[in-house]
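One letter stands for each residue in the lines below.
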Amino acid sequence: MPGRFTRGRFLGAGLAAALGLSRRADAAEPTAAEKANLALVTDFCASFAGRDMSKIAAFMADDCVYRVTETTPPVRGKDAIERIRTYVERSTKIEFKILESWVKGSVVVNERIDGFVSPQRTNAYHLTGVFFVKDGKIAEWTDYGIR
């Protein structure tokens, strides 16, 4: 019967989702600009492994807004860079492992596990990062914790 949600359709939908087939068949391929935005954010996340603040900062707009979590006040510009610098300088190893990413226009979202190793401790954070890209730079960045 058309339109009826049967057990078979339910199981079929679950299987399709499990196989990653839940995307609409008519979903548009990312534009060249979207691909560039996604690459920028991916490269930015990868740059943390080198712990070189000049390379990290080069991805960010001069007036970038940064929020380390959804519950922290945003910082802007040089204060944002300095906030990031504190995490970088107190770590001996950093890895941002991107689990999944998607892009729509100027917005890039990724699910990551960020690892920070220091002489005192090792921390890992499961996050969703939301980035707004403007003129080839990250203009805004907020991370949301996944609990």
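Shown above is the structure to which this text applies.
Below: a short report on this structure.

**Points about the pattern of salt bridges**
Turning to step 1, where the next piece is worked out: Summed over the entire model, instances satisfying the criterion amount to four salt bridges.
Turning to step 2, where the next piece is worked out: For the salt bridge of E82 with R85, the shortest nitrogen-to-oxygen distance reads 3.2 Å. Here the residue E82 and the residue R85 both occupy positions in helix α4 (residues 78-89), the gap between them amounting to three residues, near one helical turn.
Turning to step 3, where the next piece is worked out: E82 gets classed as partly exposed once you look at its relative accessible area, which sits at 40%.

**Looking at the sheet that holds strand β2 (residues 75-76)**
Turning to step 1, where the next piece is worked out: Pairing within the open sheet is mixed, and its six strands lie in the order β2-β1-β6-β5-β4-β3. Two strands in the sheet have a free side with no partner beyond their single neighbour: β2 and β3 (93-104).
Turning to step 2, where the next piece is worked out: One ladder, built from eight bridges, connects strand β5 (residues 122-134) with strand β6 (residues 137-145); its direction is antiparallel. What sits directly across from G129, in β6, is D143.
Turning to step 3, where the next piece is worked out: The sheet contacts of helix α2 (residues 32-47) involve β1 (60-67), β3, β4 (107-117), β5 and β6, and relative to β3 the element is tilted by about 165°.
Turning to step 4, where the next piece is worked out: Those strands touched by α4 are β1, β2, β3, β4 and β6, and its axis lies near 65° from that of β1.

**What about unusual backbone geometry?**
Glycine aside, residues mostly have negative phi, and peptide bonds are mostly found in the trans state.
Turning to step 1, where the next piece is worked out: In the Ramachandran plot, R51 falls in the positive-phi region, its phi being about 55° despite a non-glycine side chain.
Turning to step 2, where the next piece is worked out: For R51, the position within the fold is in the loop between α2 and α3 (53-58).
Turning to step 3, where the next piece is worked out: Of note in the backbone geometry, D135 takes a positive phi value of approximately 55° without being a glycine.
Turning to step 4, where the next piece is worked out: Structurally, D135 is set in the loop between β5 and β6.

**Re the pairing of β6**
Turning to step 1, where the next piece is worked out: In this structure, β1 lies alongside β6, joined through four bridges in parallel fashion. For R67, the partnering residue across the bridge sits in β6 and is T142.

**So, α4**
Turning to step 1, where the next piece is worked out: Over its twelve residues, α4 runs 16 Å from end to end, which matches the ideal 16 Å to within 8%, given 1.5 Å per residue.
Turning to step 2, where the next piece is worked out: Regarding α4, the residues found buried are A80, I81, I84 and V88. Down the axis of α4, the sector holding all buried residues measures 95°, keeping them to one side. Facing away from the buried side of α4 by more than 90 degrees, the exposed set consists of K78, D79 and E89.
Turning to step 3, where the next piece is worked out: Where α4 is buried, its residues contact α3, β1, β2, β3 and β6.

**A few points about the packing of aromatic side chains**
Turning to step 1, where the next piece is worked out: All told, the structure shown has eleven aromatic pairs when counted by the stated rule.
Turning to step 2, where the next piece is worked out: Relative to F48, the ring of F44 lies with its centre 5.2 Å away and its plane at 85°, an arrangement referred to as edge-to-face.
Turning to step 3, where the next piece is worked out: We classify F44 as buried; its relative accessible area is 0%.
Turning to step 4, where the next piece is worked out: Taking the relative accessible area as the measure of exposure, F48 reaches 2% and is therefore buried.
Turning to step 5, where the next piece is worked out: Consider the rings of F44 and F131, whose centres lie 6.2 Å apart with planes at 80°: the pair is edge-to-face. Taken as a pair, F44 in helix α2 and F131 in strand β5 lie far apart in primary sequence, 87 residues in all. The same class applies to F44 as to F131, namely buried.
Turning to step 6, where the next piece is worked out: Over the ring of F96 we find R112, and its NZ or CZ is 5.0 Å from the ring centre.

Reading the values: rules and limits
Residues numbered from 1 in each chain as written. Predicted model: local features only at pLDDT ≥ 70, side-chain atom pairs only at ≥ 80, totals over all residues. Heavy atoms only, no water. Salt bridge = Lys/Arg side-chain N within 4 Å of Asp/Glu carboxyl O. Helix = DSSP H or I, 4+ residues; strand = E, 2+ residues; numbered from the N terminus. Buried < 20%, exposed > 50% of the residue type's maximum accessible area, 1.4 Å probe, protein only. Pairing = 2+ DSSP bridges. Contact = heavy atoms within 4.5 Å. Axes fitted to C-alpha atoms, helices over the stretch in contact; angles between N-to-C directions. Expected span 1.5 Å × (residues − 1). Arc of directions from axis to C-beta. Phe/Tyr/Trp six-rings, centres within 6.5 Å; stacked < 30°, edge-to-face > 60°. Lys NZ or Arg CZ within 6 Å of the ring centre and 35° of its normal.

So, to be careful, I would describe these as geometric facts and stop short of saying anything about function.
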